[in-house]
Amino acid sequence: MSPKHQGTDETVARILDEALRVHAERGHEGFTMKAVIAATGMSSGSLYHHFGSFDGLAAALYARCMAELLDALLDALDGVTGPRAGVEAVTRAYLRFTRERGDAARFIHASAYAAFLPDHAAMLAESKAPRIARLTAWMAPHAAAGRVARLSPVMTEMLLIGPVAETARRWLSAPEAVDLDEAAAVLPPRIWRSLQP
């Protein structure tokens, strides 16, 4: 990496770090261009130079947070060979990410219906695709061997990620309403049961 590109990458990373902090401190309503510019000390011209627009910054932050979440799920599969162990490891990893990386998880869930997503769908899909492909590739041999249900990738993802994502969303909205320790005990075996052939 050239020094010029390294400096640009470091600047972008710093801006995204500060943007996430603004969102964590002020919530989705307080996540504005003015607030991020004040926190980072950058000019609006610098923001447009690096991200094209404030929506572009939000999309870049969403892509980074989502990549970190998916990487955490993939890391949980390292060395895991059995389908049940893998499904349960992914479930627990999502809950662990939610607890330990609450700021990133909150931005993901708060942005689920954000206006910036459709305009940046191609970039976001490009970021997610290789990670989702790795998850799918891990599951595919088990499906082919009849160890897990043969479902479309979309339905497999809904059964695997849907329940734990909804649990995370509720905990992030109202931590007192959901016990993540209970979820970590209850959800993994039941999600596995839903994916059995």
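Located above this text is the structure these notes cover.
Residues numbered from 1 in each chain as written. Predicted model: local features only at pLDDT ≥ 70, side-chain atom pairs only at ≥ 80, totals over all residues. Heavy atoms only, no water.

**Section: the overall build of the protein**
Here's step 1: The helix and strand tally for the protein stands at ten helices and zero strands.
Here's step 2: A buried classification covers 43% of the 197 residues belonging to the protein.
Here's step 3: Considering only contacts within the protein whose residues lie at least 6 apart along the sequence, 71% involve residues at least 24 apart.
Here's step 4: As displayed, the protein has an accessible area near 10,400 Å², and 55% of this comes from carbon and sulfur atoms.
Here's step 5: Measuring between centres, the 21 positive side-chain charges of the protein sit 4 Å from its 22 negative side-chain charges. (Helix = DSSP H or I, 4+ residues; strand = E, 2+ residues; numbered from the N terminus. Buried < 20%, exposed > 50% of the residue type's maximum accessible area, 1.4 Å probe, protein only. Contact = heavy atoms within 4.5 Å. Areas by Shrake-Rupley, 256 points an atom, 1.4 Å probe, with all protein chains shown as cover. Lys, Arg positive; Asp, Glu negative; His and termini not counted. Charge placed at Lys NZ, Arg CZ, Asp CG, Glu CD.)

**Details of a nonpolar patch on the surface**
Here's step 1: Together, Leu151, Val154, Met155, Met158 and Leu159 give the surface a local cluster of nonpolar side chains, amounting to about 420 Å² of exposed area.
Here's step 2: Among the structural elements, Met158 can be located in helix H9 (residues 153–173).
Here's step 3: Residue classification places Met158 among the partly exposed residues on the basis of a relative accessible area of 44%. (Patch = residues over 30% accessible without salt bridge, like charges linked within 9 Å, V, L, I, M, F, W, Y side chains within 5 Å. Salt bridge = Lys/Arg side-chain N within 4 Å of Asp/Glu carboxyl O.)

**Side note on the nonpolar core**
Here's step 1: Counting 62 residues, the largest nonpolar core has Phe31 and Leu57 as its most contacted members.
Here's step 2: If we ignore the near neighbours within four places in the chain, the residues touching Phe31 are Ala19, Val22, His23, Val36, Phe54, Leu57, Ala58, Leu61 and Phe107. (Core = buried A, V, L, I, M, F, W, Y, C linked by side-chain atoms within 4.5 Å.)

**Examining helix H10 (residues 180–195)**
Since there are 3.6 residues in each turn of an α-helix, residues three or four apart along the chain are aligned in direction.
Here's step 1: With 16 residues, H10 should reach 22 Å at 1.5 Å per residue; the first-to-last C-alpha distance of 22 Å fits that figure.
Here's step 2: Of all the bends found along H10, the most pronounced is centred on Leu187 and spans about 35°, while Pro188, a proline, follows it within four residues.
Here's step 3: By the burial criterion, the buried members of H10 are Leu180, Ala183, Leu187, Pro188, Pro189, Ile191, Trp192 and Leu195.
Here's step 4: For H10, the N-terminal capping position is held by Asp179, with its side-chain oxygen 2.9 Å away from the main-chain nitrogen of Asp181. (Expected span 1.5 Å × (residues − 1). Bend = angle between axes of the 7 residues up to and from the residue. Polar contact = N/O pair within 3.5 Å; in protein donor to acceptor, adjacent residues only side chain to side chain.)

**Looking at the packing of helix H4 (residues 54–76) against helix H6 (residues 102–110)**
Here's step 1: Direction vectors running N to C along H4 and H6 enclose 120°, while the axes themselves pass 9 Å from each other. Taken together, the axes of H4 and H6 are oblique relative to one another. Judged by the sense of rotation from one axis to the other, the crossing of H4 with H6 is left-handed. Packed against H4, whose contacting residues are Ala58, Leu61, Tyr62, Cys65, Met66, Glu68 and Leu69, the element H6 presents Ala104, Phe107 and Ile108 at the interface.
Here's step 2: Here the contact of H4 with H6 is built from residues that sort into nine nonpolar, no polar and one charged. (Axes fitted to C-alpha atoms, helices over the stretch in contact; angles between N-to-C directions. Parallel < 35°, antiparallel > 145°, perpendicular 65-115°, else oblique. Left-handed = near helix turned anticlockwise from the far one by under 90°. Nonpolar A, V, L, I, M, F, W, Y, C, P; charged D, E, K, R; others polar.)

Everything listed is a geometric property; what it means functionally is a separate question.
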